[in-house]
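Chain and residue survey
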Amino acid sequence: MPRRGEKVKRNKNAKTPKKEGFQSGSHSLNPDRPKTHAGQRDRATIKRLLMYKNSKPQRNDKGVIVKPAPFQGRVPSGTQSRVEPNRKWFGNTRVVGQGALQTFQDELGRFGWDLSQFLERRQTSQ
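Note that the structure is a prediction, hence the values are computed from the model and not measured. (Residues numbered from 1 in each chain as written. Predicted model: local features only at pLDDT ≥ 70, side-chain atom pairs only at ≥ 80, totals over all residues. Heavy atoms only, no water.)

Side note on a nonpolar patch on the surface
Condition: Patches here are clusters of residues that have more than 30% relative accessible area and form no salt bridge, with a 9 Å joining cutoff for like charges and a 5 Å cutoff for nonpolar side chains (Val, Leu, Ile, Met, Phe, Trp, Tyr). The protein chains shown are the only cover counted for residues, whose accessible areas, like all others here, come from Shrake-Rupley with a 1.4 Å probe. Any carboxyl oxygen of Asp or Glu within 4 Å of a side-chain nitrogen of Lys or Arg constitutes a salt bridge here. Runs of E in the DSSP output that reach at least two residues are strands. Runs of H or I that reach at least four are helices, and both are numbered from the N terminus. For every residue, the accessible area obtained with a 1.4 Å probe (protein chains only) is divided by the maximum for its type, and the residue is called buried under 20%, exposed over 50%, and partly exposed between those limits.
Together, V96, L101, F104, L115 and L119 give the surface a local cluster of nonpolar side chains, amounting to about 430 Å² of exposed area. Counting only elements with at least two residues in the nonpolar patch, the list comes to α2 (98-110) and α3 (115-125). As for its position among the elements, F104 is in helix α2. On the basis of relative accessible area, F104 is assigned to the partly exposed category, the value being 37%.

So, the pattern of salt bridges
Applying the stated criterion to the full structure yields 2 salt bridges. In this structure, the salt-bridge partner of R110 is E107, at a minimum N-O distance of 2.7 Å. Taken as a pair, R110 and E107 lie in helix α2 at a separation of 3 residues, close to a single helical turn. A residue is classified by how much of its surface remains accessible, and E107, at 34% relative accessible area, is partly exposed.

Remember that the coordinates give geometry; whether it matters functionally is a separate question.
So this is what it looks like as C-alpha cells:
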C-alpha cells in the first residue's frame, strides 16, 4: 500500500484498451445505456457533461502533455492561428465617415495636435 502523496506505478501491459463503438453498462453518463424510464439524459446532454468533466489534458510524470484535452488542438510550431470574423460582432458599431474624420483632423491640426486644448475649446464653445 503506497503512502499518502506517493504515486502508484501501474503495469502498463495490464491496462485494458478502451473499447470503441457500443458500450454496455447502465451508468448515467453512458450514452449507449438502455432506456429504462422517462426523463433520462439524452446523448447530447451526456456528451456535454463529459466535455465539462474531461476538461484537462493528461500529463505524464514529467508534466509533458500525453493526451490533449478535448477541443485542445495541436498545431505545428510557427503556424499562425486565426479566428474567422463574424458579421454579428460588428453589427452594433458606429462608423465615422471620411468627411467627418477629415474635418476633425483639420480642427485638431489647428491646435498643434494638442487634444486637451482642442477639447477645452469645444466644450467652451458649446
